[in-house]
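Coordinate inspection notes
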Amino acid sequence: MNTIPRDPVMLLSYLNTQLRDFYPSFQECCSCLDLDPAGIQKTLESIGYRYDPEKNRFL
């Protein structure tokens, strides 16, 4: 598994940067980086963020 930030705010920043610069969707990002999408969504929901597929970022 890819090493990603554990802190939710740092994770948010990391993922939004990855989505902006490299991946057209959250699912593709998770697939390419071997990440657990459900776990990431749960972590980011705990700080009030959800993935917006139209904007391809967590808001």
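Coordinates for the structure precede this section.
Here is a short report on the structure shown in this document. (Residues numbered from 1 in each chain as written. Predicted model: local features only at pLDDT ≥ 70, side-chain atom pairs only at ≥ 80, totals over all residues. Heavy atoms only, no water.)

**Quick word on the nonpolar core**
Ranked by size, the top nonpolar core spans 15 residues in total, and within it Leu 15, Leu 19, Phe 26, Leu 35, Ile 40, Leu 44 and Phe 58 carry the most contacts. Looking at this core, the elements that each hand over two or more residues are helix 1 (8-21), helix 2 (26-33) and helix 3 (37-45). (Core = buried A, V, L, I, M, F, W, Y, C linked by side-chain atoms within 4.5 Å. Buried < 20%, exposed > 50% of the residue type's maximum accessible area, 1.4 Å probe, protein only. Helix = DSSP H or I, 4+ residues; strand = E, 2+ residues; numbered from the N terminus.)

**Structural notes on helix 1**
Here helix 1 is 14 residues long and its end C-alpha atoms lie 20 Å apart, about the 20 Å a rise of 1.5 Å per residue gives. For helix 1, the complete set of buried residues consists of Leu 11, Leu 12, Leu 15, Asn 16, Gln 18 and Leu 19. One face of helix 1 carries all of its buried residues, which in axial projection span an arc of 160°. For helix 1, the exposed residues lying more than 90 degrees away from the buried face are Val 9, Met 10 and Arg 20. The inward-facing, buried residues of helix 1 abut helix 2, helix 3, strand 1 (51-52) and strand 2 (57-58). A distance of 3.1 Å separates the backbone nitrogen of Val 9 from a side-chain oxygen at the start of helix 1, and that oxygen is part of Asp 7. (Expected span 1.5 Å × (residues − 1). Arc of directions from axis to C-beta. Contact = heavy atoms within 4.5 Å. Polar contact = N/O pair within 3.5 Å; in protein donor to acceptor, adjacent residues only side chain to side chain.)

**Some thoughts on unusual backbone geometry**
Backbone geometry at Asp 34 places phi at a positive 55°, although glycine is not the residue there. If you trace the backbone, Asp 34 turns up in the loop between helix 2 and helix 3. Of note in the backbone geometry, Asn 56 takes a positive phi value of approximately 50° without being a glycine. Structurally, Asn 56 is set in the loop between strand 1 and strand 2.

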